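Observations on chain architecture
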Protein chains: 2
Amino acid sequence: MATRLAFIGLGIMGTPMAEHLVRAGFDVTGYNRSPAKTRRLVEAGGRAANSIEEAVADADIVCVMVPDSPDVREVLAGTGGVFDTARPGTLVIDFSSIRPDVSNELWHQAKAKGFRLLDAPVSGGQAGAVNATLSIMVGGEVADVEAAQPVLQAVGKTIAHVGPPGSGQTVKAANQLIVAGHLELLAEAIVFLEAYGVDTRKAMTVLGGGLAGSAVLNQKSEAMLTRSFQPGFRVELHHKDLGIVTSAAREAGVVIPLGALVAQLMASLKAQGNADDDHSALLKLLERLNGRRS
Amino acid sequence: MATRLAFIGLGIMGTPMAEHLVRAGFDVTGYNRSPAKTRRLVEAGGRAANSIEEAVADADIVCVMVPDSPDVREVLAGTGGVFDTARPGTLVIDFSSIRPDVSNELWHQAKAKGFRLLDAPVSGGQAGAVNATLSIMVGGEVADVEAAQPVLQAVGKTIAHVGPPGSGQTVKAANQLIVAGHLELLAEAIVFLEAYGVDTRKAMTVLGGGLAGSAVLNQKSEAMLTRSFQPGFRVELHHKDLGIVTSAAREAGVVIPLGALVAQLMASLKAQGNADDDHSALLKLLERLNGRRS
């Protein structure tokens, strides 16, 4: 019999991930707060549930992909949540990007109630979810990571067990620090090059071929050059993640000068009304700082 | 008859580039201020000259690879320099990384004296020079870029004509802005991850596979993890380049917040006695800022 899998949170990341799990042979039941979002999963061969309880009742494995720490807390530890309604022993894989300390606290709750919990945040964005090429940074116990491998490999390409519970979130925080910084540096380079009238498309090619090359340059420079900022990954969410990074760094007594500055810039971009733009809209903020258009 | 080529400046970049040009069939005569450095070129089948005049006397093309703006000015426009001693009409390819305004000024001088000058700074470091996989950002006139192709293709992999004279230097400045930022962000991520005790090697693998991936992460994370900071590319030179970036940005009225901050950090690293370390030693500075060892 196919492994029964519940998938909670069918947004722009969760939906393609759940579809890949159906294709990999899992028996997937999806739940989403807005029920309309279960449609694509059902079309792909999965089933829709009307509550968390219904989704997890017979599940061997529960996957979670929701936006923020309070959402994960509610889904797992809230009334009618996973810890209330799933069978003890169930393996829970949380793909959400949340605070490492919350992740760790939920692991202890899970343990006390007989559940096995992994934090498994992902990088690679919507394209990575659609193509099943996500990077997955996994924190948790070795045996649980082993048990999760068929699920992880159905949605990701680079999978690494980086340490004990919460470690996946710590690495994801570092990921978001680097990505935000790379976006801002690319924006600064582009505005600088445009001011000097060089051929920016050719410049991107040659920059991408040398030590300045990056996934951000490959995936985001065209959006910046053409000022196309529909998400993708929203400023709102990256701002949330940079709050996680700066808090976690502060709690560990770690000074991160560039991280702190780019967190301020992302916060300003959000404050100026660009919460729903793609995070590559850091270019917009920079143009404003430079007294240029928009 | 083979094209006669003079190569001025046989340092850690110039020597492997000149060797590749010999292998590509050019008749290469090298000159270096410290004559001992011509030895490897001679072993590879080139010749050594005792002066710029001797090197360029019969040259069809002159290549230059020296550290800084004053060096290029001296080699090209100084007494006994290229403009004094080479045959008018000679194509001069300047691979050095210097100020765009100096490059542009030298182009006008070259033009007035009947020479053809390209600015062609490179990215890819010593490894790129040794493997002939440099990225080359070329500024100058179309016909001159065409004429230079056999030389450029013998030492580089990604070659882009990015605009009029000086544009190559502008793109190189942007390259150095991005690279310095990427190094600092990687250092911040590593110090943060170490503080939380995650498996940093596995973390590098998974970060490198996602949107945080970069050439800097691929090429420099091992040096940072093991604190191995022998150059490579020296702090002294990257500090020089960040002076070029911040001046050129200021002159164009462009605000670059992350670029400005990382320029300060690189300046501090140099001031603290690390001028001769590899630029990945930004990690050392960060450890000091964090009250950690070194």
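Quantities reported herein were computed from a predicted structural model and do not represent experimental measurements. (Residues numbered from 1 in each chain as written. Chains lettered and ligands numbered in written order. Predicted model: local features only at pLDDT ≥ 70, side-chain atom pairs only at ≥ 80, totals over all residues. Heavy atoms only, no water.)

Focus: the nonpolar core
- In terms of nonpolar packing, the biggest core is built from 102 residues, with A:Val171, A:Leu193, B:Val171 and B:Leu193 touching the most fellow members.
- Beyond its immediate chain neighbours, meaning those up to four positions away, B:Leu193 contacts A:Thr170, A:Val171, A:Ala174, B:Val198, B:Thr200, B:Ala203, B:Met204 and B:Leu207. (Core = buried A, V, L, I, M, F, W, Y, C linked by side-chain atoms within 4.5 Å. Buried < 20%, exposed > 50% of the residue type's maximum accessible area, 1.4 Å probe, protein only. Contact = heavy atoms within 4.5 Å.)

Topic: the domain arrangement of chain A
All names here are of chain A.
- As far as domains go, chain A holds domain 1 (4-163) and domain 2 (170-289).
- Measuring from the centre of the C-alpha atoms in domain 1 to the corresponding centre in domain 2 gives 28 Å.
- On the side of domain 2, ten residues touch domain 1, which itself brings 14 residues to the contact.
- Here domain 1 packs against domain 2, burying approximately 970 Å² in sum over the two surfaces, 60% of which is carbon and sulfur.
- Its largest share of buried area at the contact with domain 2, domain 1 owes to Ser97, Pro100 and Met137, together 40% of the area lost on that side.
- Connecting domain 1 to domain 2 are zero salt bridges.
- At the junction of domain 1 with domain 2, the criterion picks out five residue pairs in polar contact (both at pLDDT 80 or more).
- Broken down by secondary-structure element, the contributors of at least two residues to the side of domain 1 that touches domain 2 are α6 (100-112) and β7 (122-123).
- By residue class, the composition of the side of domain 1 that touches domain 2 is eight nonpolar, three polar and three charged. (Domains from an automatic or database assignment. Buried area = accessible area lost by both parts, 1.4 Å probe. Salt bridge = Lys/Arg side-chain N within 4 Å of Asp/Glu carboxyl O. Polar contact = N/O pair within 3.5 Å; in protein donor to acceptor, adjacent residues only side chain to side chain. Helix = DSSP H or I, 4+ residues; strand = E, 2+ residues; numbered from the N terminus. Nonpolar A, V, L, I, M, F, W, Y, C, P; charged D, E, K, R; others polar.)

Side note on the relation of the copies chain B and chain A
- Under the fitted operation, chain B is carried onto chain A by 0.0 Å of movement along the axis and a turn of 180°, and the coordinates agree to an RMSD of 0.0 Å. Viewed as a symmetry operation, the transformation between the two copies matches a two-fold axis. For chain B, the minimum C-alpha distance to the rotation axis belongs to B:Ser214 and amounts to 2.0 Å.
- Looking at the interface residues of chain B, 100% of them are also at the interface in chain A, so both copies use one shared face. (Least-squares fit on C-alpha atoms with pLDDT ≥ 70 in both.)

Some remarks on the side chain of A:Asn32
All names here are of chain A.
- Among the secondary structure elements, Asn32 is positioned in the loop between β2 (27-31) and α2 (39-43).
- Judged by relative accessible area, which is 11%, Asn32 ranks as buried.
- Within polar-contact distance, the side chain of Asn32 engages the backbone oxygen of Ser34 at 3.0 Å.
- Those residues in contact with Asn32, other than ones at most four positions away along the chain, are Gly9, Leu10, Gly11, Lys37 and Thr38.

Some thoughts on the packing of aromatic side chains
Residue and element names in this part refer to chain A.
- Under the counting rule described, the total for this entry stands at six aromatic pairs over all chains.
- Ring geometry for Phe83 versus Phe115: centroids 5.3 Å apart, planes at 25°, classification stacked. Of this pair, Phe83 sits in helix α5 (residues 82-85) while Phe115 sits in the loop between α6 and β6 (116-119), placing them 32 residues apart in sequence.
- When its relative accessible area of 7% is taken as the criterion, Phe83 is described as buried. (Phe/Tyr/Trp six-rings, centres within 6.5 Å; stacked < 30°, edge-to-face > 60°.)

Considering the pairing of strand β2 (residues 27-31) of chain B
All names here are of chain B.
- Buried residues dominate β2, accounting for four of its five residues.
- By the bridge criterion, five bridges tie strand β1 (residues 4-8) to β2 in an arrangement that is parallel. What sits directly across from Leu5, in β2, is Val28.
- The handedness of the β1 to β2 crossover, carried by helix α1 (residues 14-23), is right-handed. (Pairing = 2+ DSSP bridges. Right-handed = clockwise from strand over helix to strand, strands pointing away.)

Remarks on the packing of helix α13 (residues 257-274) of chain A against helix α9 (residues 167-195) of chain B
- Between α13(A) and α9(B), the shortest axis-to-axis distance is 8 Å and the interhelical angle comes to 105°. Considering their axes alone, α13(A) and α9(B) lie roughly perpendicular with respect to each other. On α9(B), the residues that touch A:Pro257, A:Leu258 and A:Gly259 of α13(A) are B:Gly181, B:Glu184, B:Leu185 and B:Glu188. (Axes fitted to C-alpha atoms, helices over the stretch in contact; angles between N-to-C directions. Parallel < 35°, antiparallel > 145°, perpendicular 65-115°, else oblique.)

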